[in-house]
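Next come the chains, spelled out residue by residue.
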Amino acid sequence: QVQLVESGGGLVQAGGSLRLSCAASGRTFSAYAMGWFRQAPEKEREFVAAITWNGDNTYYTNSVKGRFTISRDNAKNTVYLQMNSLKPEDTAVYYCARSKYSNRIDDKSGNYNYWGQGTQVTVSS
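Conventions used here
- Residues numbered from 1 in each chain as written.
- Predicted model: local features only at pLDDT ≥ 70, side-chain atom pairs only at ≥ 80, totals over all residues.
- Heavy atoms only, no water.
- Helix = DSSP H or I, 4+ residues; strand = E, 2+ residues; numbered from the N terminus.
- Rg over C-alpha atoms; globule rule 2.2 N^0.38 Å.
- Buried < 20%, exposed > 50% of the residue type's maximum accessible area, 1.4 Å probe, protein only.
- Contact = heavy atoms within 4.5 Å.
- Areas by Shrake-Rupley, 256 points an atom, 1.4 Å probe, with all protein chains shown as cover.
- Lys, Arg positive; Asp, Glu negative; His and termini not counted.
- Charge placed at Lys NZ, Arg CZ, Asp CG, Glu CD.
- Salt bridge = Lys/Arg side-chain N within 4 Å of Asp/Glu carboxyl O.
- Pairing = 2+ DSSP bridges.
- Polar contact = N/O pair within 3.5 Å; in protein donor to acceptor, adjacent residues only side chain to side chain.

(A) Spotlight on the overall build of the chain. Along the chain, the regular secondary structure elements total 0 helices and 11 strands. Sequence-ordered secondary structure for the chain, helices as α and strands as β, is β-β-β-β-β-β-β-β-β-β-β. Relative to a compact globule of 125 residues, whose C-alpha radius of gyration would be 14 Å, the chain shows 13 Å and is just as compact. Viewed in the frame of its principal axes, the chain has a C-alpha envelope of about 40 × 25 × 25 Å. Expressed as a percentage of the 125 residues in the chain, the buried residues total 43%. The contacts in the chain between residues at least 6 apart in sequence include a share of 59% that link residues at least 24 apart. Accessible area of the chain: about 6500 Å², with a carbon and sulfur share of 43%. Both charge centroids of the chain, one from 14 positive and one from 10 negative side chains, sit 5 Å from each other.

Take a look at the structure:
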């Protein structure tokens, strides 16, 4: 059984930074790509970023390019999302997810089969 636990969310002013962490249980963490998604109130869940199993490739939605960085530490079974220059429109619950694949990264939630419970990020103007 795979469990994903996010942490690091909180309240921050616009222009500030947060680093989200997602700790995974199980011995297979390093074999799979990982992703971050977010869901704002009354909006559908949307893709944010993804990273391949070895960290060699990353993929971002356009709205966060240049501001967010996804990374992973396979020795610690943890994936991170460094968020800089935060904007009020980044306010959402952020979820990490484990992909069904190792080297394939994309923005389709159906390609991710394990999800965390989420962590709230609130950016004030």
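(B) Seen up close, the pattern of salt bridges. This structure, assessed with the given rule, holds 5 salt bridges. With a shortest N-O distance of 3.2 Å, aspartate 106 and arginine 104 are connected by a salt bridge. The network of salt bridges with shared partners includes Arg38, Glu46, Arg67 and Asp90.

(C) Inspection of the pairing of strand S11 (residues 119-124) at higher detail. Alternating residues of S11 divide into Thr119, Val121 and Val123, all buried, and Gln120, Thr122 and Ser124, none buried. In this sheet, S11 lies alongside strand S2 (residues 10-13) in parallel orientation, the contact comprising 4 bridges. Looking at S11, one finds that glycine 10 is bridged to valine 121. The sheet contact formed by strand S9 (residues 92-99) and S11 spans 3 bridges and is antiparallel. Bridged to alanine 92 within S11 is valine 121.

(D) View of the side chain of arginine 38. In this fold, arginine 38 is placed in strand S4 (residues 34-39). Overall, the relative accessible area of 5% leaves arginine 38 in the buried class. In this structure the side chain of arginine 38 is engaged in a polar contact, spanning 2.6 Å, whose partner is the side chain of glutamate 46. Side-chain polar atoms of arginine 38 contact the side chain of aspartate 90, separated by 2.9 Å. Not counting chain neighbours up to four residues away, the residues in contact with arginine 38 comprise Glu44, Arg45, Glu46, Val48, Ser63, Val64, Phe68, Glu89, Asp90, Ala92, Val93 and Tyr94.

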